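This is what each chain is made of:
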Amino acid sequence: ANWLRKPEQAKAVTTLLGATDTFQRQLYPTIIRMVSTTFDPTEKSHIDELIDRNGITTEEWGNAWWIKPIEQRRPDQKFAHLEISLANDNKINELITRGIIICNMWQETDKKKKEPTRCLKCQGWNHIAKTCSQLKDTCGTCGGEHWTSTCNVQGKQWCVSCNNDSHCSWDRSCPSFKTKCNNMDKHNPEASLPYYPSEVTYTWMPAIHQPQENTTYHSWGQQMYEAPIQELPRGREPGSQRQCWEQFQ
């Protein structure tokens, strides 16, 4: 229940039950691409500024971390991808729609989708390195018998899944990876939604294509209706997730 998300309500319930444990908050992660590396998610002042600039409460805040470890960055790298999580699904959906301000820069955000599991030992699917039955390591870059992070082979790439040298095994444009993602979306309808489903109607709408000029079609079940496009403040282009959110406010 939504009322359990409030700390005071959760504390009251645990007190009534005589329990010493607390409720584990559900967090909703989002991906923010190309964030300035001057941002430090471990620095309280940076987090406080992020929360203040984006209208996030301390109760809603979850956590933040760089997707790629800092020690693996290039010496001259100035931008990287950041993941943040909030405990409020409506607030995270608002950020997905409106974007977020970090280091005085407006950034687009996207819902973090569950992706197929790829083994970092054999580069196969549906298991992890810890449970892999293959005896030798397979490089995700060149296909050689060594760990990907230790690869020093120059000018060679190989995809284990596609069995060709047009790209690396970890390439996100890999046809095999895209097929796996599409199959996962078919078996998990929620994955095809650009938002986290909540009690707000627009969050249940799947991603839609741009319709005729000056018209947006919102679908709910089998019903379709028209909503005129209004001029929007700075953000995504008309017909995008931002517009869908605006139409329901």
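Residues numbered from 1 in each chain as written. Predicted model: local features only at pLDDT ≥ 70, side-chain atom pairs only at ≥ 80, totals over all residues. Heavy atoms only, no water.

So, helix H3 (residues 89-98)
The element H3 is extensively covered by neighbouring structure, given that seven of its 10 residues are classed as buried. Looking only at H3, the buried set comprises Asp-89, Lys-91, Ile-92, Asn-93, Leu-95, Ile-96 and Thr-97. Measuring from the side-chain oxygen of the N-cap residue of H3 to the backbone nitrogen of Asn-90 gives 2.9 Å; that N-cap residue is Asn-88. Count one or two residues on from H3 and you reach Gly-99, which has phi positive near 90°. (Buried < 20%, exposed > 50% of the residue type's maximum accessible area, 1.4 Å probe, protein only. Helix = DSSP H or I, 4+ residues; strand = E, 2+ residues; numbered from the N terminus. Polar contact = N/O pair within 3.5 Å; in protein donor to acceptor, adjacent residues only side chain to side chain.)

Description of unusual backbone geometry
The phi torsion at Gln-123 lies on the positive side, around 70°, for a residue other than glycine. Note on placement: Gln-123 falls in the loop between strand E6 (109-111) and helix H4 (175-187). For Gln-123, a relative accessible area of 1% translates into the label buried. The phi dihedral of Asn-126 is positive, around 70°, even though this residue is not glycine. With respect to the helices, strands and loops of the structure, Asn-126 is situated in the loop between E6 and H4.

A look at the nonpolar core
Note on soluble globular proteins: their nonpolar side chains tend to be buried together. Ranked by size, the top nonpolar core spans 23 residues in total, and within it Phe-39, Trp-61, Leu-82, Ile-84 and Ile-102 carry the most contacts. Taken together, the elements giving at least two residues each to this core come down to strand E1 (28-36), helix H2 (44-53), strand E2 (61-66), strand E3 (79-86), H3 and strand E4 (100-102). No other element matches E3, which puts four residues into this core. Each residue touching Ile-102, except ones within four places of it in the same chain, is listed here: Ile-32, Val-35, Phe-39, Leu-50 and Leu-82. (Core = buried A, V, L, I, M, F, W, Y, C linked by side-chain atoms within 4.5 Å. Contact = heavy atoms within 4.5 Å.)

Quick notes on the layout of surface pockets
Where empty space is left in the structure can be found by rolling a water-sized probe over the atoms. Computed from the structure, the largest pocket encloses a volume of approximately 1100 Å³. Taken together, 30 residues make up the lining of the largest pocket; nearest its centre are Ile-31, Arg-33, Ile-67, Glu-115 and Arg-172. Of all the elements in the fold, those that place two or more residues in the lining of the largest pocket are E1, E3, E6 and H4. No other element matches the five residues that H4 contributes to the lining of the largest pocket. Looking at side-chain class alone, the lining of the largest pocket contains 11 nonpolar, six polar and 13 charged residues. Approximately 720 Å³ is the volume attributed to the second largest pocket. Arg-118, Leu-120, Gln-123, Thr-148 and Trp-170 are, among the 21 residues lining the second largest pocket, the residues nearest its centre. Considering only residue class, the lining of the second largest pocket consists of eight nonpolar, nine polar and four charged. (1 Å grid on protein atoms, 1.4 Å probe; cavity = no way out; pocket = protein on both sides within 12 Å on 5 of 7 lines; lining within 4 Å. Points joined across faces, edges and corners; volume = space filled by probe spheres on them. Nonpolar A, V, L, I, M, F, W, Y, C, P; charged D, E, K, R; others polar.)

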